[in-house]
Structure formats: C-alpha cells, structure tokens
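Residue-level structural notes
The primary structure of each chain is shown beneath.
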Amino acid sequence: GLTDIGRKRGHNEDCFAIETSIQKKESPQGTYYTAKGFFLVCDGMGGHASGEVASAMAVKNVYNYFRENWEEDELPDVETIKKAILSANEAIYSANIQKGQTGSGRMGTTLILTLLQDTKAVIAHVGDSRIYKVTRKWGLEQLTTDHSVAQAEIKHGVSPDIAFARPDAYQLTQALGPRDNNFVHPDVNYLDFKEDTLLLMCSDGLSDNELLESHWETALLPLISSKANLEEGITQVIDLGNQYNGHDNITCILIRIKVQPNLEHQSPIF
C-alpha cells in the first residue's frame, strides 16, 4: 500500500490500512499455506483538514470492529460487514452533528474494503473509490460500481452518454459521514480465486480519466508474476497516477494472490 499527496493538493485526505497473516502448514499431501488479509482505503472529503479526520475515523472504526468480530477461519457474513461500515458512518455523522456542521459543510469519506481468507475474499464499498481485478485470462475487471449520480442514472436505464453529460454526473450519491445510517447502503460481494490474481484498490486520484483502463497491460499485468517486486510496482503505479492525473491525492493497495492447485488444497502463496 502507498499514498501520495498528488501534485495540486495542500494535504492528504486519504487513509489506508493493511494487516496480513500467512501460515505455512505441513500435511501428508505436502506443504500448503493459509492466509488472512485486511485491506482498507478511505478517501476523505470536506476540506479544511476535515476530510482527513473522516477517513482516519473510518479506518480506525472498521479496523477495530473486525479485530473484535472476525476470529474464525471464515469470512464474515454480509450483516457483519455492513455493521462494521455503518458503525464508522455513525461515528463520523455524530462528530458532524456535535460540531454543528450542516449540508455540504459536513465531513465525509468513501470506503473500499477487502477481507481475504485463503482463496476467498469479500469486498465492500461506499462512494467512488474502486477495486479492480487483473488476471492473465480476463485482463482488467472493475469489481465496484461508483455510487455517483451518473451510475444511478445508468442503473435506471439512462444511456451512459446522457448520464455522464450531466453537470453533477460525478457527484456522490453515498458517502460515510454526511447522513445517518438510513442513507448508507454498502455494496458487498464475495469472490473465489481460481487463478493467479492481482487486486488493486484505489482512491479516485488513480482511477480518474480511465487511467487504469489505458495502462493496465504495462503497469499491472506484469505484477501478477512472483518475480515482480510489488513495492517497486506500486511506486510506479503512483508515479503513473501523478503523471496523468495528479489533481488529487492518490492511494493504492496491491494484493497479489498466487493460487497453486494441489490434491486437497487451494494454496494462496503471497
């Protein structure tokens, strides 16, 4: 994971967290690995340093929630995921109310979350930060749909050309913090990895202007290989974001999942 202020902002309102554990296990059939991973990116908004307060609050709340509510070797269910995200919303919303903030003056944040358990994962999001998947077979796939005015219009049958021509096309329809829990509806999806995969999580400073769609083959596809250095790779991805975008903070998390089938186990090797 890496975050960068970008080229035009005075401070960084993004926040992220990563925690992984990998255990090697021996069995009569051979060696295999079990893995568990927590990955979270939040892109704050609100100006005057409020955005970074909101994103940090969300990261802290969600991280602490799963420390207490994810003990087993199973991924949490949909309700648990939603409770974690809504607890963060409640904390930021309460802070807004206490400060007497109203309307657009309220701080808020987007959120993207990935929880990984061996070769399975669950992803969740609120807002327009994105999660992408890259495989050799299918290339780049966007796994999240932005919670924006344009995407809401498209969902209701409006053509993309008309939806994105709206002056408020990119305005968020959901975020954590500005409104109470009745208005927050996280999208939650489960994934099962059958082949070597690279997951990319990012704030919109990286995904804007179709940047990843244009450069994934050179910037991301090679990183699926075990020989590729992910730390160097992510630095290059952030540099690419600054080169072509740079108007916003840029945060990126890369997760490389190596799936090696054997007789009894799907083994993720990190």
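Residues numbered from 1 in each chain as written. Predicted model: local features only at pLDDT ≥ 70, side-chain atom pairs only at ≥ 80, totals over all residues. Heavy atoms only, no water.

Looking now at the packing of aromatic side chains. Geometrically, a pair of aromatic rings is defined through the distance of the ring centres and the angle of the planes. For the structure shown, the criterion picks out five aromatic pairs. Measuring from ring centre to ring centre gives 5.5 Å for F38 and Y63, while their planes differ by 75 degrees; the resulting arrangement is edge-to-face. In this pair, F38 is assigned in strand β3 (residues 30–45) and Y63 in helix α1 (residues 50–69), connecting sequence segments 25 residues apart. Where Y65 meets F66, the ring centres are 5.8 Å apart and the plane angle is 85 degrees; that geometry is what we call edge-to-face. (Phe/Tyr/Trp six-rings, centres within 6.5 Å; stacked < 30°, edge-to-face > 60°. Helix = DSSP H or I, 4+ residues; strand = E, 2+ residues; numbered from the N terminus.)

Considering the arrangement of structural elements, one finds S148 in the loop between β8 (139–142) and α3 (149–155). Since its relative accessible area comes to 4%, S148 is described here as buried. Ignoring any residue separated from it by four or fewer positions in sequence, one finds S148 in contact with A169, Y170, Q171, L172 and T173. (Buried < 20%, exposed > 50% of the residue type's maximum accessible area, 1.4 Å probe, protein only. Contact = heavy atoms within 4.5 Å.)

The next subject is the pairing of strand β7 (residues 130–135). Here β7 lies mainly inside the structure; six of its six residues are buried. Neither face of β7 is exposed, since R130, Y132 and V134 on one face and I131, K133 and T135 on the opposite face are all buried. Note: β7 against strand β10 (residues 197–202), five bridges, orientation antiparallel. By the bridge assignment for β10, K133 is matched with L199. In this structure, the hairpin formed by β7 and β8 is closed by a connection of three residues. (Pairing = 2+ DSSP bridges.)

This paragraph deals with the nonpolar core. With 28 residues, the main nonpolar core has F38, F66, I81, L113, L115 and L176 as its most contacted residues. Listing elements by their share of this core, those giving two or more residues are β3, α1, α2 (78–98), β5 (111–117) and β6 (120–126). In contact with L113, other than residues within four places in its own chain, are F38, F39, L40, V62, F66, I81, V122, I123, A124, I131 and M201. Grouped together as the second largest cluster of nonpolar side chains are 21 residues, Y132, C202, I224 and I234 included. (Core = buried A, V, L, I, M, F, W, Y, C linked by side-chain atoms within 4.5 Å.)

What follows is about the environment of A175. Considering the arrangement of structural elements, one finds A175 in the loop between α4 (160–165) and β9 (187–192). The class of A175 is buried, set by a relative accessible area of 12%. Along the primary structure A175 and R106 are separated by 69 residues, whereas in three dimensions their C-alpha atoms are 11 Å apart. The residues touching A175, leaving out its near neighbours within four places in the chain, are M45, N89, T109, V126 and V184.

Okay, a negative patch on the surface next. Taken together, the side chains of E71, E72, D73 and E74 define an acidic patch exposed on the protein surface. Note that D73 resides in the loop between α1 and α2. Judged by its relative accessible area of 59%, D73 is exposed. (Patch = residues over 30% accessible without salt bridge, like charges linked within 9 Å, V, L, I, M, F, W, Y side chains within 5 Å. Areas by Shrake-Rupley, 256 points an atom, 1.4 Å probe, with all protein chains shown as cover. Salt bridge = Lys/Arg side-chain N within 4 Å of Asp/Glu carboxyl O. Lys, Arg positive; Asp, Glu negative; His and termini not counted. Charge placed at Lys NZ, Arg CZ, Asp CG, Glu CD.)

The tally for this structure, following the rule as stated, stands at eight salt bridges. Linking R130 and D146 is a salt bridge whose minimum nitrogen-to-oxygen distance equals 2.8 Å. Pair noted here: R130 is in strand β7 and D146 is in the loop between β8 and α3, with a separation of 16 residues, a long-range link. Both residues of the pair, R130 and D146, belong to the buried class. Among the salt bridges present, the one from E153 reaches R166, with a minimum N-O distance of 3.1 Å. Taken as a pair, E153 in helix α3 and R166 in the loop between α4 and β9 lie far apart in primary sequence, 13 residues in all. Taken together, the shared-partner salt bridges in this structure form one network comprising K120, D192 and K194.

Now for the side chain of N245. Mapping N245 onto the fold places it in the loop between α7 (230–244) and β11 (250–261). Of the polar contacts made by the side chain of N245, one reaches the backbone oxygen of G205; its length is 3.2 Å. (Polar contact = N/O pair within 3.5 Å; in protein donor to acceptor, adjacent residues only side chain to side chain.)

A turn of α-helix holds 3.6 residues, and therefore any two residues three or four places apart point the same way. Turning to helix α6 (residues 211–219), its buried residues number three or more, namely L211, L212, H215 and W216. Projected onto a plane normal to the axis of α6, the buried residues spread over an arc of 145 degrees and lie on a single side. Away from its buried face, by an angle of more than 90 degrees, α6 presents the exposed residues S214, E217 and T218. (Arc of directions from axis to C-beta.)

The relative placement of two packed helices is expressed as an angle between their axes plus a distance between the axes. Between α6 and α7, whose axes approach to 12 Å, the crossing angle comes to 140 degrees. With respect to α7, the element α6 is oriented oblique. For the element pair α6 and α7, the recorded crossing hand is right-handed. Residue-level contacts link L211, H215 and A219 of α6 to V237, L240, G241 and Y244 of α7. Classifying every residue of the contact of α6 with α7 gives five nonpolar, two polar and no charged. (Axes fitted to C-alpha atoms, helices over the stretch in contact; angles between N-to-C directions. Parallel < 35°, antiparallel > 145°, perpendicular 65-115°, else oblique. Left-handed = near helix turned anticlockwise from the far one by under 90°. Nonpolar A, V, L, I, M, F, W, Y, C, P; charged D, E, K, R; others polar.)

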